[in-house]
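The lines below spell out each chain.
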Amino acid sequence: MADASRPLVDVAAPLAVDDGSSAGVGDVGGGVGGRGMGGVGGGGVGGRVLPGALAVGLIAAQAAFAATFRGPRERFWQRMTLTGLSLGSLALVTSRPARRTRIGPREVVLGLVSAAALYVTFRVGDRFARRVVPSGDAEIRDIYTLRTLRPKEEIAIRLATVIGPAEELFWRGLVQEALMARYGRWAGAALAAMAYGGVHIVTGNFTLFGAAGIAGAHWCALYAAGVPLGALVVSHVTWDIWIFLVQPTGEITPLAPVGASHR
């Protein structure tokens, strides 16, 4: 039987930084008792996230997402991977909670449950967007054309090893941690969710902007409630692969050739 106290995966291992703390599953910035209200704000931004990292990170994220979504579409996945590497590395260098992220049996279970709940939400949201939002159907199909740009196996590897983990390390481990330290647990979580959704405005896809806002609110609320960051990494990766590659929420055949709406 697996030892639930021993992490299965060290998410931060590639860029581990010794900050003088031990980091078992119980430390993963997680559990209400593990992170706690004192942990969120007790040390201030400088205690858990380096001063200035929030501003630098948000500016970098806006620039990176603009370049990723507005550049030549045929190289989207290469740019998205580079964005993940850049923002994830920044989180590991500047955020203690990001560096202490571990994934054990408890995180796997919580992550899978979280991903399933979010998928159900998106199944309902897909039907609503296609019927109510004037451009919803076309925009959803346009998002799914991205899965045709590279082999599915390659996209899955990129999502699982870089893009999904990096987004959680950056948006929850750096951005949300800093905002909760400054504005309080739930106000900080709300601001972090808005920041995550906001960077997707550059896509020009209203449905994607809305979807990012819903997903961001889901993960931010869970993190504020005490769900470990490692569990959110599992959730994000599982949800990305399932909804995008395995079981899309609806019709995905493009209405126009791939790249018709992007140069």
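Only a predicted model underlies this, so the values are computations on that prediction, with no experimental measurement involved.

> Give a description of the pattern of salt bridges that names residues and reports values.
Per the stated rule, a full pass over the model turns up seven salt bridges. Between Asp-142 and Arg-73 there is a salt bridge, with the nearest N and O atoms lying 3.2 Å from each other. On the criterion of sequence distance, the pair formed by Asp-142 in helix α7 (residues 136-144) and Arg-73 in the loop between α3 (53-70) and α4 (76-94) is long-range, its members being 69 residues apart. The exposure classification of Asp-142 matches that of Arg-73, with both residues buried. When the shortest N-O distance is used, the salt bridge between Arg-150 and Glu-154 registers 2.9 Å. Where salt bridges share partners, they join Arg-150, Glu-154 and Arg-158 into one cluster.

> Explain empty space enclosed by the protein to me, and be specific about the residues and the numbers.
This model, assessed by the stated rule, comprises two cavities of 30 Å³ or more. Here the second largest cavity is characterised by a volume of approximately 50 Å³. The wall of the second largest cavity is formed by Phe-65, Thr-83, Gly-84, Leu-87, Gly-88, Ala-166, Glu-167, Phe-170 and Trp-171. Secondary-structure elements contributing two or more residues to the lining of the second largest cavity are α4 and α8 (152-183). A per-class count over the lining of the second largest cavity returns five nonpolar, three polar and one charged.

Analysis parameters
Residues numbered from 1 in each chain as written. Predicted model: local features only at pLDDT ≥ 70, side-chain atom pairs only at ≥ 80, totals over all residues. Heavy atoms only, no water. Salt bridge = Lys/Arg side-chain N within 4 Å of Asp/Glu carboxyl O. Helix = DSSP H or I, 4+ residues; strand = E, 2+ residues; numbered from the N terminus. Buried < 20%, exposed > 50% of the residue type's maximum accessible area, 1.4 Å probe, protein only. 1 Å grid on protein atoms, 1.4 Å probe; cavity = no way out; pocket = protein on both sides within 12 Å on 5 of 7 lines; lining within 4 Å. Points joined across faces, edges and corners; volume = space filled by probe spheres on them. Nonpolar A, V, L, I, M, F, W, Y, C, P; charged D, E, K, R; others polar.

The quantities given are spatial measurements derived from coordinates; they are silent on function.
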